[in-house]
Amino acid sequence: MGEITLDRTSRILVIGTSGSGKTTLAEKLSARLGIKNIELDALFWKENWTQSTTEEFRGNISDSIKDSIKEARGYVLHGNYNKVQDLTWGNVDTVIWLDYSRAIVMCRVVKRTIGRILSKEELWAGNRETFKKSFLKKDSIILWAWNTYGKRKTQYSMMVKENPYKVSKFIIMKRPKDANRFLKGIELAIEEKGRGRS
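So, here is what we can say about the structure in this document. Keep in mind that what you see is a predicted model, and the values were worked out from it rather than measured. (Residues numbered from 1 in each chain as written. Predicted model: local features only at pLDDT ≥ 70, side-chain atom pairs only at ≥ 80, totals over all residues. Heavy atoms only, no water.)

**Quick notes on the environment of Asp 93**
Mapped onto the fold, Asp 93 is located in the loop between α4 (85–88) and β6 (94–98). The sequence separation of Asp 93 and Ser 168 amounts to 75 residues, and the corresponding C-alpha distance is 5.1 Å. For Asp 93, the residues in contact, after removing those within four places along its chain, are Thr 9, Ser 10, Arg 11, Val 167, Ser 168 and Lys 169. (Helix = DSSP H or I, 4+ residues; strand = E, 2+ residues; numbered from the N terminus. Contact = heavy atoms within 4.5 Å.)

Listed below in C-alpha cells is the structure:
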C-alpha cells in the first residue's frame with residue numbers, strides 16, 4: 001500500500017458502502033494519529049430518525065472542521081453523503097475507500113445490525129436500530145447496503161479516476177486485512193518516529 005505518510009495534520013475521509021467498517025477504521029485512525037474523529041451520521045441524524053435539512057447538515061460539518069482547518073490540525077471524517085462532497089472531499093488530503101466485496105459488506109452489515117438490536121445500542125441522538133426497522137422496512141439498512149453497493153462502486157471508481165476535488169492521496173482497501181496491515185504500518189511509523197526523538 002506504499003509508504004505511510006499520515007500524521008497529526010492529515011485530513012482524511014473514509015468512504016465505503018454502509019456496513020463496510022468506516023467507523024471502526026476511523027476511530028482507530030483517530031486514536032493512533034491523535035486527530036479529531038467526525039462521524040457524518042452523527043451530524044445528520046436527529047431524534048426519532050429525523051433527517052437534518054441540507055442547510056443544517058452543512059452547518060454541522062462546517063462547525064466540526066473549521067477549527068481544525070484554522071489551526072492546521074488533522075481530522076478523520078467518515079461517511080458518504082453525496083450532497084455535501086464539496087465539504088467532505090473538498091476539505092481532505094486523503095481518501096480511504098473500503099472497496100470490499102459485496103459478500104464481505106453484507107456479512108458485516110447483518111452482523112453489526114443484529115448486534116445493535118440485541119444490545120439495544122444507542123446510536124446518534126438517542127436512536128436505536130430495531131428488528132422491524134432493520135429487516136422489515138423499505139429503508140432497512142440491510143436493503144440500503146445491498147441496493148447501493150453497485151452504485152457506490154461505480155461512483156467512487158469514477159471519482160478516483162477523475163479526482164474532481166484534487167485529493168492528494170487515495171488509499172483503496174480490497175480486504176479487511178488490508179486495513180489491519182495499514183493500521184499496523186501507522187503504528188510502526190509512529191514508533192520509529194518516537195525512537196528517532198529519543
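After presenting the structure, the write-up continues.
**What to know about the layout of surface pockets**
Taken as a whole, the largest pocket encloses approximately 1300 Å³ of empty space. Looking at the largest pocket, it is lined by 47 residues, and the ones nearest its centre are Ser 18, Gly 19, Asp 41, Arg 112 and Ile 141. Looking at the lining of the largest pocket residue by residue, the class counts come to 15 nonpolar, 16 polar and 16 charged. (1 Å grid on protein atoms, 1.4 Å probe; cavity = no way out; pocket = protein on both sides within 12 Å on 5 of 7 lines; lining within 4 Å. Points joined across faces, edges and corners; volume = space filled by probe spheres on them. Nonpolar A, V, L, I, M, F, W, Y, C, P; charged D, E, K, R; others polar.)

**Quick word on the sheet that holds strand β7 (residues 169–173)**
Remark on secondary structure: sheet strands pair via backbone hydrogen bonds, oriented parallel or antiparallel. An order of β2-β5-β1-β6-β7 is seen for the 5 strands of this open sheet, with the pairing classed as parallel. Two strands lie at the open edges of the sheet, namely β2 (36–39) and β7, each paired on one side alone. Neighbouring strand axes in the sheet, compared pairwise and without regard to direction, differ in orientation by 15° on average. Strand direction decides the pairing type here: strand β1 (residues 11–15) and β6, joined by 4 bridges, are parallel. (Pairing = 2+ DSSP bridges. Axes fitted to C-alpha atoms, helices over the stretch in contact; angles between N-to-C directions.)

No statement about biological role is implied by the geometric values presented.
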